[in-house]
Amino acid sequence: MRRRTVLGAVVVLLLATVTVVGSGAGASAPRAAALENGLASTPAMGFNNWNATNCRAEFNEQMVRQIADIFVSRGLRDAGYTYVNIDDCWALPNRDGAGNLVPDPARFPNGIKAVADYVHGKGLKFGIYTSAGTRTCNELGFPGAIGHERQDANLFASWGVDYLKYDNCGDHLGQSAQQRYTAMRDALLATGRPILFSICEWGSNAPWDWAQPVGNSWRTTDDIADNWNSMLGIFKSNAALAVNAQRGGWNDPDMLEVGNGGMTDTEYRSHFSLWAMMNAPLLIGSDLRSVGQGTYDILTNRDVIALDQDGLGVQANEIANAGGHHVLTKPLDNGDVAVALFNETGSTATFGTTAGAAGLGNATSYQLRDLWTKAVTTSTGTISASVPAHATVVYRVSRAGTFTAPPAGTTQVSALPASLSASAWGPVELDRSNGEQAAGDGRTLTIGGVTYARGLGAHARSEVRYYLGGRCTSFQAWAGVDDETGNEGSVSLEVWGNGSMLASSGVVHGTDAAKRVTANVTGLQYVHLAVLPTVDGPRYDHADWADATVTCS
């Protein structure tokens, strides 16, 4: 029987209806236009046994306890790995007389709660598995949760479960995927216990279109296998869905195979780098009791982990791919940009991009830090490398040199050089709406029938940052969805500075008039403008910062 599996941290999203215009709302990173319970502001990191053990006998209580011990002793917990999760085959084939799931006494002689307590005692969290059908995916057919959602969720909560991976096998009893996964979401919420909810629907019904209000990660592909072609194919499929991801709602290309032996260390570094660039849940799938130091070196590279866990939560966008030479860029919370140069071919090649193409600007030079070799170089704008076969070079690129601050008075931001500029489809347009393709292909900015000669046109998700140099006092704009979308589209436009949200339009729709957004930016070095999709996804999300200005002294 074909085995499907998924991992990823999830919380439930609910549409936010509160509009905040002005200053005073504080947080650590821009918020999506959805309510999060705080469990998946960054992708989950942890372990799942399936890739290493499947349903074999070595999957047992002793293994789980030993993995928790290793998380602490080998520095994985300190590197950010939190969840120790068990997969299929933990239960007996039948429920008890009360209809409850029963842990297999041969594998878990002390029960699941005792294992969860042990994991918690190590400062970690514990996850479990079941399926959104009558049976789980293993050929032995353990009980699934359909029709037992409330009962099973309550049982999991009583055991201290922190994470649920919900697979897609068994009879679905005529229910759609959205119905089945929403039922378990509601059951988990009703327990009152924070439990991350990982949708393992395999991408069969395009969950990236509907899963944002249901869970915080969704599998985008079939199962990964421990070989180059499988990893490569999954990367390509998942990379194409970057526009659908946001904080609290992660595309999940399946678990890591790093250390399982089917690829070289070079290929595993590419695997790990690409998953981090794509904001994938980083769930270790190898038996940490037997892997070598090279595997630990890959899994604990904190510079690469930092890309996955960056507070801005933007999945990398592939800006070039010529002959198997992939260039991915990922804006970061502090204004840097990560650039990954991935060579899928069998021969060494030199290729790259520029700082401008990567979204960086307003600097005379740039610092490039190689996140694997740790070498630091400088450039006036070229970002390139000689990349071996199947390898990935990852740079963290920072602005350096001289920056240009706004002049005294009130200035249109479209006349200023951006320090960072990123848009999901097409570039951030100056004094035009977003046309989704080349620069200048948009139209006159129009919101609610009102036209504006100046401003920015972007497509959610978009991030734009301007250097203020501590010289400015206020930012102001008319914010909304451009009329070119008709009655489609909904976004949230937010103004950020110094790690706090300063102002927000709240959720605005294609039929709404422009919202006035003002923010106090006194003394700030940067102002950051974010356009975020809401729970209806990013389609039609052409957003305008119309008549956007800064006032400076």
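Please refer to the structure placed before this passage.
Note that the coordinates shown come from a computational prediction; the quantities given were computed from them, not determined experimentally. (Residues numbered from 1 in each chain as written. Predicted model: local features only at pLDDT ≥ 70, side-chain atom pairs only at ≥ 80, totals over all residues. Heavy atoms only, no water.)

**Observations regarding the overall build of the protein chain**
What the protein chain contains, in helices and strands, is ten helices and 31 strands. Relative to the 2.2 N^0.38 estimate, which gives 24 Å for 553 residues, the radius of gyration of the protein chain is 24 Å and therefore close to what a compact globule would have. Dimensions of the protein chain, computed from the C-alpha atoms along their principal axes, are close to 75 × 50 × 40 Å. In the protein chain, which comprises 553 residues, the share counted as buried stands at 60%. Residue pairs in contact within the protein chain that sit at least 24 positions apart in sequence constitute 74% of those at least 6 positions apart. A total accessible area of about 18600 Å² is found for the protein chain, and carbon and sulfur atoms account for 49% of it. Here the protein chain contributes 39 positive and 52 negative side-chain charges, whose respective centroids are spaced 5 Å apart. (Helix = DSSP H or I, 4+ residues; strand = E, 2+ residues; numbered from the N terminus. Rg over C-alpha atoms; globule rule 2.2 N^0.38 Å. Buried < 20%, exposed > 50% of the residue type's maximum accessible area, 1.4 Å probe, protein only. Contact = heavy atoms within 4.5 Å. Areas by Shrake-Rupley, 256 points an atom, 1.4 Å probe, with all protein chains shown as cover. Lys, Arg positive; Asp, Glu negative; His and termini not counted. Charge placed at Lys NZ, Arg CZ, Asp CG, Glu CD.)

**Brief notes about the sheet that holds strand E30 (residues 526-533)**
With antiparallel pairing, five strands are arranged side by side in an open sheet as E20-E25-E30-E27-E28. Among the strands making up the open sheet, the edge pair consists of strand E20 (420-423) and strand E28 (500-509). Direction aside, neighbouring strands of the sheet carry axes that sit 15° apart on average. (Pairing = 2+ DSSP bridges. Axes fitted to C-alpha atoms, helices over the stretch in contact; angles between N-to-C directions.)

**Quick notes on helix H6 (residues 177-191)**
For H6, spanning 15 residues, the distance from its first C-alpha to its last is 22 Å, which sits close to the expected 21 Å at 1.5 Å a residue. Regarding H6, the residues found buried are Ala177, Arg180, Tyr181, Thr182, Met184, Arg185, Ala187 and Leu188. Contacts from the buried residues of H6 go to helix H5 (149-159), strand E6 (163-167) and strand E7 (196-199). Looking one or two residues past H6, Gly192 carries a phi angle of roughly 80°, positive in sign. (Expected span 1.5 Å × (residues − 1).)

**Description of the pairing of strand E17 (residues 382-387)**
In the case of a regular strand, side chains alternate between the two sheet surfaces. Side chains Ile383, Ala385 and Val387 of E17 all project onto a buried face; the interleaved residues Thr382, Ser384 and Ser386 project onto a face where none is buried. Pairing between strand E14 (residues 349-354) and E17: six bridges, direction antiparallel. By the bridge assignment for E17, Thr350 is matched with Ser386.

**Details of the sheet that holds strand E4 (residues 83-85)**
In space, the eight strands of this open sheet follow the order E9-E8-E7-E6-E5-E4-E3-E10, with parallel pairing throughout. Only two strands of the sheet have a single neighbouring strand rather than two, namely strand E9 (250-252) and strand E10 (282-284). Each strand of the sheet is rotated relative to its neighbour by a mean of 25°, with strand direction disregarded. Pairing geometry for strand E3 (residues 45-48) and E4, over three bridges, is parallel. By the bridge assignment, Gly46 is partnered in E4 with Tyr83.

**What to know about the packing of aromatic side chains**
Two measures describe an aromatic ring pair: the distance that separates the ring centres and the angle between the ring planes. Enumeration over the complete set of coordinates arrives at 15 aromatic pairs. These aromatic residues form a ring-pair network of at least three members: Tyr166, Tyr181, Phe197 and Trp210. Directly above the aromatic system of Tyr296 lies the positively charged group of Arg74, at a separation of 3.8 Å from the ring centroid. Positioned over the ring face of Phe403 is Arg399, at 3.9 Å from the centre of the ring. (Phe/Tyr/Trp six-rings, centres within 6.5 Å; stacked < 30°, edge-to-face > 60°. Lys NZ or Arg CZ within 6 Å of the ring centre and 35° of its normal.)

**Quick notes on empty space enclosed by the protein**
According to the stated counting rule, one finds one cavity of 30 Å³ or more in the structure shown. What the largest cavity holds in volume is close to 60 Å³. Lining the largest cavity, in full, are Asp88, Cys89, Trp90, Ala91, Leu101, Tyr129, Thr130, Thr136, Phe142 and Pro143. The residue inventory of the lining of the largest cavity, partitioned by class, reads seven nonpolar, two polar and one charged. (1 Å grid on protein atoms, 1.4 Å probe; cavity = no way out; pocket = protein on both sides within 12 Å on 5 of 7 lines; lining within 4 Å. Points joined across faces, edges and corners; volume = space filled by probe spheres on them. Nonpolar A, V, L, I, M, F, W, Y, C, P; charged D, E, K, R; others polar.)

**Description of the state of the cysteines**
Simply put, disulfide is the name for a covalent bond between the sulfur atoms of two cysteines. Throughout the structure, instances matching the rule amount to three disulfides. Across the disulfide from Cys55 sits Cys89; the S-S distance is 1.9 Å. Residues Cys55 and Cys89 share a disulfide whose torsion about the S-S bond is about -125°; that sign makes it left-handed. Within this pair, whereas Cys55 is found in the loop between helix H1 (50-53) and helix H2 (61-73), its partner Cys89 is found in the loop between E4 and helix H4 (111-121), the two being separated by 34 residues in sequence. In this model, Cys137 is linked to Cys169 through a disulfide, with the two sulfur atoms separated by 2.0 Å. Taking the sign of the S-S torsion, about 95° here, the bridge from Cys137 to Cys169 comes out right-handed. Of this pair, Cys137 sits in the loop between strand E5 (125-131) and H5 while Cys169 sits in the loop between E6 and H6, and the two are 32 residues apart along the sequence. Here Cys169 falls in the buried class, since its relative accessible area comes to 6%. Sequence-ordered numbering of the bonded cysteines in the protein chain yields a pairing of 1-2, 3-4, 5-6. Not part of a disulfide, Cys200 finds its nearest cysteine sulfur in Cys137, a span of 6.5 Å. Given the relative accessible area of 0%, Cys200 is considered buried. (Disulfide = S-S within 2.5 Å.)

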